[in-house]
Amino acid sequence: MAMRAALKWVTLVASAMAASTATAGPAADPLGSVMWNDMKAQFFGDAPVVFDDRVKVSIPSIVENQAQVPVTADARALGDVKKLVVFADLNPIQHVVTVLPVKAAPYIGLSMKVEQATPVRAAALLGDGTWHVGSVYLDAAGGGCSAPALARKDADWSDTVGHAQGRMWREVDGSARVRFRVRHPMDTGLARDNTPAYFIEKLNMRASDGQSLAEVEIREPVSEDPTFTMIVRLPVSDKALTIDGRDNNGADYRSVIPVAWRQSDAAAAKPGAVK
Amino acid sequence: MKRVGHPEPARDGDDGITRRAALARVAGIATLPMLLGVFDADAAPLAYELKPERIGDGVWVVRGAQEAIDRKNGGAIANITIFDTSDGAVIVDTGPSKRYGLALDAIVRQLTGKPVVRAYLTHFHPDHVFGNQAFAADAIAAPKGVVDGLADLGEAFASAMYHAAGDWMRGTEVVAPGRTLEDGTEQIGQRRFRAQTLAGHTASDLVLFEETSGLLVAGDLVFLDRAPTTPHADLARWRHSLDALGAISDRALVPGHGPVESGARGVGQTRDWLAVMEETIRNAFERGLSQNEAIAEPLPEWTGRIALARYEYERSVMHFYPKLEAGSWPRIDRAG
């Protein structure tokens, strides 16, 4: 009953908001991007969309390397998120990643290529079918997507494709924070040297019984030697996290990060935090 | 390279829109309103106002702003040293742009009544060497590592500088030094310049000691009251170089950025910053923080008195994180 009442209340508030903004039209993009309507159609179709500061997109205040711009998308404040999409309006390829946080936090840290200054957005899909969008504006000199991968200067790059490194930590709530990188050129297909698109397109993180904890769809803007930070609910009894990957040439990659619990970051950072 | 928050409407100055804004409109870029603020930056004419400070007999320093490169300062953030000699003027570093180099040449002639016969380059970063165009290539001398570094990354620096400083950079091109400098002493007029190539801020950092004045020009191995930059840093080698400089730091020292004074404070502060920066980043890394989480970490209170502390810390996270990830994480793609 409580839930029904809550839903009714949400509906009332929603219709009140719709009424109050009726003259202003749909919620305006806080960044005023000329691409917003296209982005909305491309990623959300006809689904309802709201701008929501609880979806945090973190970027540095300066772009040091357009081919490696760290972006962290964090929708943990929203609770149960079905899907988390990261995109950049003014990139030649806008879609960066989509995360299905099956048993994972709606959170991802990665580095991406940017071609020019652009809004960077994270959109979280809630169970009610509403997309909640957080946005930041990233200034950049550009060239990240059309610059050849550094590995292309190295004749032996293919020897290291698929090599992976990583580590895992326990979060305060018992979930597993995992950071890892996979050697891969992540060619966009847009580079001046005409190298065709060649990139890791899928990652699946699994518990030892095979159940999926998180799936990540990866697109060309993700940086060379992609490096991810994710938080998954790995069962406490599990001895390892398995990460299966596949690139668009059909090559499969498997990594296994053994559980070697280290002192949690948050607990170490904040004395007095409850373990 | 600050983040642009909200789009600003195009602003027509009293004498009409700027040429760049006009060009932008012609090119159709004006349909992206967010970029207009950038193209329409400043109505003021772009002219560097160089104010040399006399720091000794026939020796001046043109102080750089304790700021990041932007469209207001035109990249004039590094210190330039000027020596008068009986055979002509000697300068250390040439500034961030052709326009700056020309202004520097003019002020040097005004101060000394002579042309520049030698321009030493301390290292290959653009705020120190992009004024080269204003001087005869044959007068420009730098260690081989500086020459090589500029050949390798000069064009990339140029595009970054055009983005950061805008129209100040107009006409600026990368000019290679005409002379490769070996360690040793060079006599110019009554002055003797002793060159020693160290490393750490970059792979090749020139330190010059002028014997007559007793002045030490340390380049970017020493920053004072401004946070050090680390895009090409090797911290172990940098510390080693600071040890070498520390041994003679009772001399008057011109840091790459910051005020001229006895070298002890600059050498010590640079060493302290490198330690704090490295420790903060390593600590964040060891706790599994993502780059943006590491960027948000607190810094010790004393760093609040250092210009651009957070800005340079943030850049350093981006410089060192990928190296730490590649260098210290175990392999996970093979059973074992």
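A quick note: this is a predicted structure, and the numbers were derived from the prediction, not measured.

Peer 1: In this structure, what is going on with the overall build of chain A? I would like to understand it.
Peer 2: Helix and strand counts for chain A come out as four helices and 15 strands. When contacts within chain A are restricted to residue pairs at least 6 apart in sequence, long-range pairs at least 24 apart make up 66% of them. Working note: accessible area of chain A is about 12100 Å², and carbon and sulfur atoms make up 54% of it.

Peer 1: Help me understand the overall build of chain B in this model?
Peer 2: Within chain B, the secondary structure is distributed over nine helices and 13 strands. Burial statistics for chain B: of 336 residues in total, 52% are counted as buried.

Peer 1: Would you mind going over the side chain of Thr242(A) with me for this structure?
Peer 2: Checked against the element boundaries, Thr242(A) lands in strand β14 (residues 240-247). If near-sequence neighbours (up to four positions away) are discounted, Thr242(A) is found in contact with Asn204(A), Met205(A), Arg206(A), Arg254(A), Ser255(A) and Val256(A).

Peer 1: When you look at the interface of chain A and chain B in this model, what are you seeing that I'm missing?
Peer 2: It is common to give the size of an interface as the accessible area that goes away when the parts come together. With 45 residues of chain A at the contact, the number on the chain B side is 37 residues. Roughly 3800 Å² of surface becomes buried between chain A and chain B when both sides are summed, with 55% attributable to carbon and sulfur atoms. Put simply, chain A and chain B have four salt bridges between them. In this structure, Glu64(A) engages Arg315(B) in a salt bridge whose closest nitrogen and oxygen atoms are separated by 2.7 Å. For the pair chain A and chain B, the interface holds 20 residue pairs in polar contact (both at pLDDT 80 or more). Of all the secondary-structure elements, those providing two or more residues to the side of chain A that touches chain B are β3 (69-74), β6 (107-112), β9 (164-170), β10 (176-182), β13 (227-232), β15 (252-258) and α4 (265-269) of chain A.

Peer 1: Could you clarify how one ought to interpret the sheet that holds strand β8 (residues 184-188) of chain B in this entry?
Peer 2: Each strand in a sheet pairs with another by means of backbone hydrogen bonds, the pair being arranged parallel or else antiparallel. Residues and elements named next belong to chain B. Spatially, β8-β9-β10-β11-β12-β13 is the arrangement adopted by the six strands of the open sheet, whose pairing is mixed. In this open sheet, the two strands that pair with only one neighbour each are β8 and β13 (261-262). Bridge analysis of β8 against strand β9 (residues 191-198) gives five bridges, and the strand direction is antiparallel. Paired with Gly 184 across the bridge in β9 is Ala 195. Packed onto the sheet, helix α6 (residues 235-246) meets β9, β10 (205-210) and β11 (215-223) and runs at close to 155 degrees relative to β11. The strands touched by helix α7 (residues 263-286) within the sheet are β11, β12 (252-257) and β13, with β11 carrying the most contacts at an inclination of about 20 degrees.

Peer 1: Help me understand the packing of α7(B) against helix α9 (residues 309-328) of chain B in this model?
Peer 2: Angle between the axes and distance between the axes: these two values describe a pair of packed helices. Residues and elements named next belong to chain B. Look at α7 against α9: their axes get within 9 Å of each other, and the N-to-C directions meet at 55 degrees. What the angle tells us is that α7 and α9 run oblique. Seen along the crossing, α7 lies across α9 with a hand that is right-handed. Contacts between α7 and α9 involve Trp 273, Met 277, Thr 280, Ile 281, Arg 282, Ala 284 and Phe 285 from the former and Ala 309, Tyr 313, Ser 316, Val 317, Phe 320, Tyr 321, Leu 324, Glu 325 and Ser 328 from the latter. Taken together, the residues that form the contact of α7 with α9 break down as eleven nonpolar, three polar and two charged.

Peer 1: Please explain the nonpolar core as it appears in this structure.
Peer 2: As a rule of thumb, soluble globular proteins bury nonpolar side chains together. Grouped together as the largest cluster of nonpolar side chains are 56 residues, with contacts concentrated most on Val97(A), Ile108(A) and Phe180(A). Apart from the residues lying within four places of it in its own chain, the contact partners of Ile108(A) are Val71(A), Thr72(A), Ala73(A), Leu84(A), Val86(A), Val97(A), Val99(A), Val216(A), Phe228(A), Thr229(A) and Met230(A).

Peer 1: Hey, could you run me through the pattern of salt bridges in this one?
Peer 2: A side chain of one charge can pair with a side chain of the opposite charge if their charged atoms are brought near each other. In total, this model carries 38 salt bridges over all chains according to the counting rule given. Between Arg76(A) and Asp74(A) there is a salt bridge; the shortest N-O distance is 2.8 Å. Arg76(A) gets classed as partly exposed once you look at its relative accessible area, which sits at 35%. A relative accessible area of 11% means that Asp74(A) is categorised as buried. One salt bridge connects Arg191(B) with Glu210(B), and the closest N-O pair in it is separated by 2.9 Å. Taken as a pair, Arg191(B) in strand β9 and Glu210(B) in strand β10 lie far apart in primary sequence, 19 residues in all.

Peer 1: Would you mind showing me how to read the packing of aromatic side chains here?
Peer 2: The description of an aromatic ring pair uses the distance of the two centres, along with the angle that the planes make with each other. Residues and elements named next belong to chain A. This model, assessed by the stated rule, comprises 14 aromatic pairs over all chains. A ring pair is formed by Trp 36 and Phe 44, whose centres lie 6.3 Å apart and whose planes are at 50 degrees; its orientation type is tilted. Site record: aromatic cluster; members linked through ring pairs are Trp 36, Phe 43, Phe 44, Phe 51, Phe 87 and Trp 131.

Peer 1: Can you help me understand the pairing of β10(A) in this one?
Peer 2: The two faces of the sheet receive side chains in turn, since in a regular strand these alternate between them. Residues and elements named next belong to chain A. Burial within β10 is extensive, with seven of its seven residues counted as buried. Of the two faces of β10, the one holding Ala 176, Val 178, Phe 180 and Val 182 and the one holding Arg 177, Arg 179 and Arg 181 are both buried throughout. Where β9 and β10 come together, seven bridges link them in antiparallel fashion. Within β10, the position partnered with Trp 169 by the bridge is Arg 177. Here β10 runs beside β13; their pairing, made up of six bridges, is antiparallel. Pairing of Arg 177 across the sheet is with Ile 231, part of β13.

Peer 1: So what exactly am I meant to see when it comes to the pairing of strand β5 (residues 95-100) of chain A here?
Peer 2: All names here are of chain A. Within β5, five of the six residues are buried, which leaves the element mostly enclosed by the surrounding structure. In this sheet, β5 lies alongside strand β4 (residues 81-88) in antiparallel orientation, the contact comprising four bridges. Bridging from a neighbouring strand, Phe 87 pairs with His 95 of β5. In this antiparallel pair of consecutive strands, β4 and β5, the connection spans six residues. Here four bridges tie β5 to strand β12 (residues 212-218), and the two strands are oriented antiparallel to one another.

Peer 1: Whenever I open this one, α6(B) confuses me. Can you help?
Peer 2: The α-helix winds at 3.6 residues per turn, so residues separated by three or four positions along the chain end up facing the same way. Residues and elements named next belong to chain B. Taking 1.5 Å of rise per residue, the twelve residues of α6 would be expected to cover 16 Å, and the 16 Å separating its terminal C-alpha atoms lies within 8% of that figure. Taken together, the buried positions of α6 are Leu 235, Trp 238, Ser 241, Leu 242 and Leu 245. Take α6 and look down its axis: the buried residues cluster within an arc of 115 degrees, on one side only. Among the exposed residues of α6, those oriented more than 90 degrees off its buried face are Ala 236 and His 240. Contacts from the buried residues of α6 go to β9, β10, β11, α7 and α9. The distance from a side-chain oxygen at the start of α6 to the backbone nitrogen of Ala 236 is 3.2 Å, and the residue carrying that oxygen is Asp 234.

Peer 1: What is the right way to read the environment of Ser97(B) from this model?
Peer 2: Residue and element names in this part refer to chain B. Along the chain, Ser 97 turns up in the loop between β4 (88-92) and α3 (98-112). It is 9.4 Å that separates the C-alpha atoms of Ser 97 and Val 174, two residues lying 77 residues apart in sequence. Here Ser 97 is in contact with Tyr 48, Phe 130, Gly 131, Trp 168, Met 169 and Thr 172, once residues within four sequence places are set aside. At 3.0 Å, the side chain of Ser 97 forms a polar contact with the backbone nitrogen of Tyr 100.

Cut-offs and rules
Residues numbered from 1 in each chain as written. Chains lettered and ligands numbered in written order. Predicted model: local features only at pLDDT ≥ 70, side-chain atom pairs only at ≥ 80, totals over all residues. Heavy atoms only, no water. Helix = DSSP H or I, 4+ residues; strand = E, 2+ residues; numbered from the N terminus. Contact = heavy atoms within 4.5 Å. Areas by Shrake-Rupley, 256 points an atom, 1.4 Å probe, with all protein chains shown as cover. Buried < 20%, exposed > 50% of the residue type's maximum accessible area, 1.4 Å probe, protein only. Buried area = accessible area lost by both parts, 1.4 Å probe. Salt bridge = Lys/Arg side-chain N within 4 Å of Asp/Glu carboxyl O. Polar contact = N/O pair within 3.5 Å; in protein donor to acceptor, adjacent residues only side chain to side chain. Pairing = 2+ DSSP bridges. Axes fitted to C-alpha atoms, helices over the stretch in contact; angles between N-to-C directions. Parallel < 35°, antiparallel > 145°, perpendicular 65-115°, else oblique. Left-handed = near helix turned anticlockwise from the far one by under 90°. Nonpolar A, V, L, I, M, F, W, Y, C, P; charged D, E, K, R; others polar. Core = buried A, V, L, I, M, F, W, Y, C linked by side-chain atoms within 4.5 Å. Phe/Tyr/Trp six-rings, centres within 6.5 Å; stacked < 30°, edge-to-face > 60°. Expected span 1.5 Å × (residues − 1). Arc of directions from axis to C-beta.

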